[in-house]
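A closer look at the structure
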Amino acid sequence: NDVGGDKVLQKKWTTFLKAQLSCSQAGLFPHTVLQHVFALPQPGGGSLFYGVFASQWQTGSSGSSAVCAFSLDAIEKAFAGKYKELNKDCSRWMTYSGPAMDPRPGSCSVGPSSDKALTFMKDHFLMDEKVAPVHNQPLLVKEDVKYTRIAVHQAQAACGTACTVLFLGTGRAGSLHLERR
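Criteria and cut-off values
- Residues numbered from 1 in each chain as written.
- Predicted model: local features only at pLDDT ≥ 70, side-chain atom pairs only at ≥ 80, totals over all residues.
- Heavy atoms only, no water.
- Disulfide = S-S within 2.5 Å.
- Helix = DSSP H or I, 4+ residues; strand = E, 2+ residues; numbered from the N terminus.
- Buried < 20%, exposed > 50% of the residue type's maximum accessible area, 1.4 Å probe, protein only.
- Pairing = 2+ DSSP bridges.
- Arc of directions from axis to C-beta.

**Describing the state of the cysteines**
- Counted under the stated rule, the structure contains one disulfide.
- With its sulfur 2.1 Å from that of its partner, Cys-23 forms a disulfide with Cys-68. Between Cys-23 and Cys-68 the sulfur-sulfur dihedral comes to about 85 degrees; the bridge is accordingly right-handed. You can see Cys-23 sitting in strand E1 (residues 21-23) and its partner Cys-68 sitting in strand E4 (residues 64-71), a full 45 residues away along the chain. Each member of the pair, Cys-23 together with Cys-68, is buried.

Listed below in structure tokens is the structure:
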């Protein structure tokens, strides 16, 4: 139901926010480019989001891919945190420490928002990961493979143990990798 503003952000989303997902491991280049994501509902509520990440820095002939999982709770915590704003003097993103805006950017509200609120939303769409980082270590890192898609299934092994199966599509036609965790 996001219809945008009357003057500011006409015909544009006003509830759009971004938070950085970090999929990194000590000693390796971080995988920060999200390629694809799969939401897996959890028994008892909530979801795990599995993401396929690439690195900005290529290692090997095809680069590398990583898979990380993030809980819905961790993601919601990041979006409830502080905002960043661009400091135009030094061209750096800084933590916003000014007064809170009501309605909170990223939340749905009934009817159009004020121009002041929309201008705030336009300038503060990025969440501050220092306050509520969304970070996880990779479940899987593969060199010389570019994963492009992921699907996840939770199954029960013959011995009764629960296992997570990752179906990973690659950049090569006709190639699918299967990892069991």
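**Considerations on the pairing of E4**
- With seven of eight residues buried, E4 is to be regarded as a mostly interior element.
- Sheet analysis places strand E3 (residues 47-55) next to E4, joined by seven bridges and oriented antiparallel. Considered in E4, the bridge of Leu-48 is made with Ser-71.
- Sheet analysis places E4 next to strand E8 (residues 140-143), joined by four bridges and oriented antiparallel. Counterpart to Val-67 in the pairing with E8 is Leu-140.

**With respect to the pairing of strand E10 (residues 162-170)**
- For E10, the buried fraction is high: seven of the nine residues fall into the buried class.
- Here strand E9 (residues 147-156) runs beside E10; their pairing, made up of nine bridges, is antiparallel. Across the sheet, Arg-149 pairs through a bridge with Gly-169, a residue of E10.
- Counting the residues that bridge the hairpin from E9 to E10 gives five residues, and of these Gly-160 lies at a positive phi of roughly 95 degrees.

**Concerning helix H2 (residues 115-123)**
- Listed in full, the buried residues belonging to H2 are Ala-117, Leu-118, Phe-120 and Met-121. In a view along the axis of H2, the buried residues occupy a sector of 160 degrees, so they form one face of it.

**Things to note about unusual backbone geometry**
- Even without glycine at this site, Ser-91 takes up a positive phi of about 55 degrees.
- Its location among the elements puts Ser-91 in the loop between strand E5 (84-87) and strand E6 (92-95).
- By relative accessible area, Ser-91 is classed as exposed at 58%.
- Positive phi values are uncommon outside glycine, yet Asp-144 reaches one of about 60 degrees.
- Examined against the element boundaries, Asp-144 turns out to sit in the loop between E8 and E9.
- Here Asp-144 falls in the partly exposed class, since its relative accessible area comes to 42%.

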